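# Tertiary structure, described
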Amino acid sequence: MKIAIIDDNSFLISSIKEKLSFFEEIQVKYTANNGADLLEKLDKDHNLDALLMDIEMPVLNGIETTLAVKQKYPQIKIIMLTVFDNDENIFNAIKAGADGYLLKDVNPHELFNGIVDTLNGGAAMNPSIALKTLKLLRNPVDFKDVSKEDINLTNREVEVLEQLSKGLSYKVIADNLFLSPSTVRKHIENIYSKLQVHSKLEAVQKARRNNLI
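First, a word on what this report is: a plain description of the structure on this page. (Residues numbered from 1 in each chain as written. Predicted model: local features only at pLDDT ≥ 70, side-chain atom pairs only at ≥ 80, totals over all residues. Heavy atoms only, no water.)

## Structural notes on the nonpolar core
Ranked by size, the top nonpolar core spans 25 residues in total, and within it Leu 38, Leu 42, Leu 51, Met 53 and Met 80 carry the most contacts. Here this core takes 3 residues from helix H4 (residues 87–96), the largest share from any one element. Look past the residues within four positions of Leu 42 in its chain and what remains in contact with it is Tyr 30, Leu 48, Val 69, Tyr 73 and Ile 76. (Core = buried A, V, L, I, M, F, W, Y, C linked by side-chain atoms within 4.5 Å. Buried < 20%, exposed > 50% of the residue type's maximum accessible area, 1.4 Å probe, protein only. Helix = DSSP H or I, 4+ residues; strand = E, 2+ residues; numbered from the N terminus. Contact = heavy atoms within 4.5 Å.)

Shown next, in the form of structure tokens:
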């Protein structure tokens, strides 16, 4: 089974490769850092069975890339592999033509079985994603009509949140923004309070949903 991995985080690419290294049936032909990078590589070699695609990427994100790949190479299966399981991402990924949707913390066997199932005509899906998909089918939401919440973050808080969304530590964020770690921590407390969230992942998801970052 010939696959490619598309993710802007090289550490996560290595992690996925390591998970797949247990299975000699899988060959990772190449990797790409974003959708545009992938489309260039596909032009040169589209002899692939499946793509493992991140959603949040610069230049061309995973949903836009899925749409482009499916138009040109409909035979290639696409499994979204992401940390984000919010309803809008699931809905847009499936609408774009994704064949499966797994979270990045999936274990090696679940990832391998998901690829095999998808190539055999099934759909790889975490139980939590499957449940959300069923709920979306039962109660369709027009995400274009979902009003954005009125959230007022300061410019500095937005800067901290952007850094946080890249997975950087408090210390690195402090160095990048010329702040002390305690000031960064205080900004993050304020961000959590204003967004009414309790974790970094929730904060980043809500900020993106409201076009704050």
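Structure's up, so let's keep going.
## Side note on the pattern of salt bridges
Taken as a whole and judged by the stated rule, the model has 11 salt bridges. Ionic pairing is found between Asp 7 and Lys 104, a salt bridge with its closest N-O pair at 2.7 Å. Residue Asp 7 is found in the loop between strand E1 (2–6) and helix H1 (10–20), and its partner Lys 104 is found in the loop between strand E5 (100–103) and helix H5 (108–119); the two are separated by 97 residues along the sequence. Accessibility expressed as a relative area gives 1% for Asp 7, which makes it buried. The partner of Lys 29 in a salt bridge is Asp 45, with the nearest N and O atoms 2.9 Å apart. Highlighted residues: Lys 29 in strand E2 (residues 27–32) and Asp 45 in the loop between helix H2 (35–44) and strand E3 (50–53), separated in sequence by 16 residues. Linked by salt bridges that have partners in common, Asp 7, Asp 54 and Lys 104 make up one network. (Salt bridge = Lys/Arg side-chain N within 4 Å of Asp/Glu carboxyl O.)

## Some details on the pairing of E5
Every second residue of E5 is oriented toward a common face, with Gly 100 and Leu 102 on one face and Tyr 101 and Leu 103 on the other, all of them buried. Here strand E4 (residues 77–82) runs beside E5; their pairing, made up of 4 bridges, is parallel. Note on E5: the bridge partner recorded for Met 80 is Tyr 101. (Pairing = 2+ DSSP bridges.)

## What to know about the sheet that holds E1
The 5 strands are arranged E2-E1-E3-E4-E5 in an open sheet whose pairing can be described as parallel. Looking at strand neighbours, the two that pair on one side only are E2 and E5, the edges of this open sheet. Taken pair by pair, the neighbouring strands of this sheet meet at an average axis angle of 25°, ignoring direction. The pairing of E1 with E3 spans 4 bridges and is classified as parallel. Paired with Ile 5 across the bridge in E3 is Leu 52. Each of E1, E2 and E3 is contacted by H2, which is oriented at about 130° to E2, the strand it contacts most. Most of the contacts of helix H3 (residues 62–72) go to E4, to which it runs at about 175°, and overall it touches E3 and E4. (Axes fitted to C-alpha atoms, helices over the stretch in contact; angles between N-to-C directions.)

## Re the layout of surface pockets
In this model, the largest pocket occupies a volume close to 480 Å³. Listed by contribution, the elements that provide at least two residues to the lining of the largest pocket are H1, helix H7 (155–165) and helix H10 (200–209). For the lining of the largest pocket, the element with the most residues is H10, which contributes 4 residues. Broken down by class, the residue content of the lining of the largest pocket amounts to 9 nonpolar, 4 polar and 8 charged. As a volume, the second largest pocket reaches approximately 320 Å³. In this structure, the second largest pocket is lined by 14 residues; those nearest its centre are Ile 55, Glu 56, Asn 61, Asn 89 and Arg 208. (1 Å grid on protein atoms, 1.4 Å probe; cavity = no way out; pocket = protein on both sides within 12 Å on 5 of 7 lines; lining within 4 Å. Points joined across faces, edges and corners; volume = space filled by probe spheres on them. Nonpolar A, V, L, I, M, F, W, Y, C, P; charged D, E, K, R; others polar.)

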